[in-house]
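One letter stands for each residue in the lines below.
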Amino acid sequence: MSPSSSHTPTPVRPARSQGKRQAPRGSSSRRRRSPSPRRRWDLHRLLPILIPALALVVLLGVVANLVGGSQMDKLARNRTPFWVDKQIVDINGTGRRGEKLSGVNDIVIHYVGNPGTTAQQNHDFYNQPETTVSSHFVIGLEGEVIQCIPMDEKSSASNERNNDTLSIEVCHPDATGQFTQASYDSLVKLTAWLCDYCEIGRDRVIRHYDITGKACPLYFVDNPDAWAQFLSDVQSY
């Protein structure tokens, strides 16, 4: 072979490795996991349940604050329905003494004894410095209801039973002492509500007459059937 026909052999490159590429030094071979879609979905699903549940807990707390606790706790809060006009009279040492009740065992019904006077006029009479009488509530000729004494305090209406009763005075148009229909309806409603609020049962309703023998409320003393009907109306209200 002549020198001109010879050639330099082509260098052979090493074959590429068919194995896994080695990770660069210092880097982690593990990838960070993204938040589980299932976990996000579970939370999204629970929210419609959790929100009403929390609202219910708050509502129960509010209700317990409004009506819960012992009888005296409830009376001390002195919360009355919207149809009661709260006009608490001043403490004067006689009409309103600021003394606390021992509790409520009965609701006592009275009549004002001044024909034609209004609930506001009787309230204003209680609110004078020299007045020696008062009641927790006064019902007017048109059925309006005014609160004069806090429900956890004694009124000056029912003699020796002032310490464990709530008193209601009712206005009347004439000397017979018969109440107007509006006054009567409000008396039934107020009496039933007080019995329920104090948790004493709707049979715990008496007349001033039942304490002292005084003809008060006059119409209910003179007409026992009317009194029996009133008690029945309170029970069924």
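See above for the structure.
Predicted, not measured: the structure shown is a model, and the values here were computed from it. All residue numbers here refer to positions counted from 1 along the written sequence of the relevant chain. Totals for whole chains, interfaces and linings use all residues, but because this is a predicted model, local features are given only for residues with pLDDT of at least 70 and pairs of side-chain atoms are given and counted only at 80 or more. With hydrogens and water excluded, all non-hydrogen atoms of the structure serve as input to the side-chain values.

1. Describing the layout of surface pockets
Okay, step 1: In this structure, the largest pocket spans a volume of roughly 290 Å³.
Okay, step 2: The wall of the largest pocket is formed by 16 residues, among which Y111, V112, V133, E169 and K214 lie closest to the centre.
Okay, step 3: At the level of elements, strand 2 (106–111) and helix 3 (119–126) are the ones that each hand at least two residues to the lining of the largest pocket.
Okay, step 4: Under the DSSP-based scheme used, a helix requires at least four consecutive residues in state H or I and a strand at least two consecutive residues in state E, with every element numbered from the N terminus. Per-element accounting of the lining of the largest pocket gives the leading share, three residues, to helix 3. Using a 1 Å grid laid over the protein atoms alone, points where a 1.4 Å probe fits but cannot get out form a cavity; open sets with protein on both sides within 12 Å along at least 5 of 7 lines form a pocket; any residue with an atom within 4 Å of a point counts as lining. Grid points are joined across faces, edges and corners, and a volume is the space filled by probe spheres set on the points.

2. Observations concerning the sheet that holds strand 4 (residues 145–147)
Okay, step 1: Taken in spatial order, the six strands make up an open sheet running 1-4-3-5-2-6, and their pairing is mixed. Two strands in the sheet have a free side with no partner beyond their single neighbour: strand 1 (84–86) and strand 6 (205–207). Neighbour-to-neighbour, the strand axes of this sheet turn through a mean angle of 25°, independent of strand direction.
Okay, step 2: Should DSSP find at least two bridges between two strands, the strands are regarded as paired. In this sheet, strand 4 lies alongside strand 1 in parallel orientation, the contact comprising three bridges. Residue pairing for strand 4: V84 is matched across the bridge by V145.
Okay, step 3: The contact rule is simple, with two residues in contact once any of their heavy atoms fall within 4.5 Å. Under this scheme, a helix contributes an axis fitted over its contacting stretch, all axes are lines through C-alpha atoms, and angles between N-to-C directions fall in the 0 to 180 degree range. Where helix 4 (residues 181–198) meets the sheet, it contacts strand 2, strand 3 (137–139), strand 4, strand 5 (165–170) and strand 6, and its direction lies at approximately 170° from that of strand 5.

3. Looking at the nonpolar core
Soluble, globular proteins show a tendency: their nonpolar side chains are buried together.
Okay, step 1: Each nonpolar core is a collection of buried residues, namely Ala, Val, Leu, Ile, Met, Phe, Trp, Tyr and Cys, held together in the definition by side-chain atoms within 4.5 Å. Buried means the residue's accessible area, taken with a 1.4 Å probe over protein chains only, is under 20% of the maximum for its type, while exposed means over 50%, and partly exposed covers the values in between. Counting residues in each nonpolar core, the largest one holds 32 residues, and the members touching the most others are I107, I168, L187 and F230.
Okay, step 2: Mapped onto this core, the elements with two or more residues apiece are strand 2, strand 3, strand 5, helix 4, helix 6 (218–222) and helix 7 (224–236).
Okay, step 3: Top element by residues in this core is helix 4. It accounts for nine residues.
Okay, step 4: Not counting residues within four places of it along the chain, the set of residues in contact with L187 comprises I109, I139, I168, V170, F179, F220 and F230.

4. Focus: helix 3
Okay, step 1: When helix 3 is considered as a whole, its buried residues turn out to be A119, N122, H123 and Y126. What you see down the axis of helix 3 is that its buried residues fit within an arc of 100°, all on one side.
Okay, step 2: For helix 3, the secondary structure elements touched by its buried residues are strand 3, strand 4 and strand 5. Working definition: the arc comes from the directions between the helix axis and the C-beta atoms, pointing outward to the latter.

5. Thoughts on the side chain of S155
Okay, step 1: Relative to the helices and strands, S155 resides in the loop between strand 4 and strand 5.
Okay, step 2: The exposure class assigned to S155 is buried, which follows from its relative accessible area of 1%.
Okay, step 3: In protein, a polar contact means a hydrogen-donor-capable atom and an acceptor-capable atom, both N or O and within 3.5 Å, with residues adjacent in sequence counting only if both atoms are side-chain atoms; elsewhere, any N or O pair within 3.5 Å suffices. At 2.9 Å, the side chain of S155 forms a polar contact with the side chain of S167.
Okay, step 4: S155 has contacts with R97, S134, S135, H136, I149, N162 and S167, leaving out every residue within four places of it along the chain.

6. Regarding the pattern of salt bridges
It is possible for side chains of opposite charge to pair when their charged atoms get near one another.
Okay, step 1: Take a side-chain nitrogen of Lys or Arg and a carboxyl oxygen of Asp or Glu: if they are within 4 Å of each other, that pair is a salt bridge. Enumeration according to the criterion identifies 10 salt bridges in this entry.
Okay, step 2: D152 is the partner of K100 in a salt bridge, and the nearest nitrogen-oxygen pair spans 2.8 Å. Within this pair, whereas K100 is found in the loop between strand 1 and strand 2, its partner D152 is found in the loop between strand 4 and strand 5, the two being separated by 52 residues in sequence.
Okay, step 3: Each member of the salt-bridge network shares a partner with another, and the members are D106, R161, D164 and R204.

7. Concerning the pairing of strand 5
Okay, step 1: In terms of burial, strand 5 is largely enclosed, as six of its six residues are buried.
Okay, step 2: Across the two faces of strand 5 the burial is the same, with T165, S167 and E169 and L166, I168 and V170 all buried.
Okay, step 3: In this structure, strand 2 lies alongside strand 5, joined through six bridges in parallel fashion. Its bridge partner being in strand 5, I109 is matched across the sheet by I168.

8. Things to note about helix 7
Okay, step 1: Under the convention used throughout, the expected extent of a helix is 1.5 Å for every residue step, that is, one less than its residue count. Along its 13 residues, helix 7 runs 19 Å from first to last C-alpha, staying within 8% of the 18 Å computed at 1.5 Å per residue.
Okay, step 2: Turning to helix 7, its buried residues are W227, F230 and V234. Here the buried residues of helix 7 occupy an arc of 55° about the axis, which is enough to place them on one side. Along helix 7, exposed side chains directed more than 90 degrees from the buried face belong to D225 and S236.
Okay, step 3: If you follow the buried residues of helix 7, they end up packed against strand 2, helix 4, strand 6 and helix 6.

9. Looking at the side chain of S186
Okay, step 1: Relative to the helices and strands, S186 is located in helix 4.
Okay, step 2: From its side chain, S186 meets the backbone oxygen of G143 in a polar contact 2.6 Å long.
Okay, step 3: When sequence neighbours within four positions are dropped, the list of residues in contact with S186 reads I139, G143 and V145.

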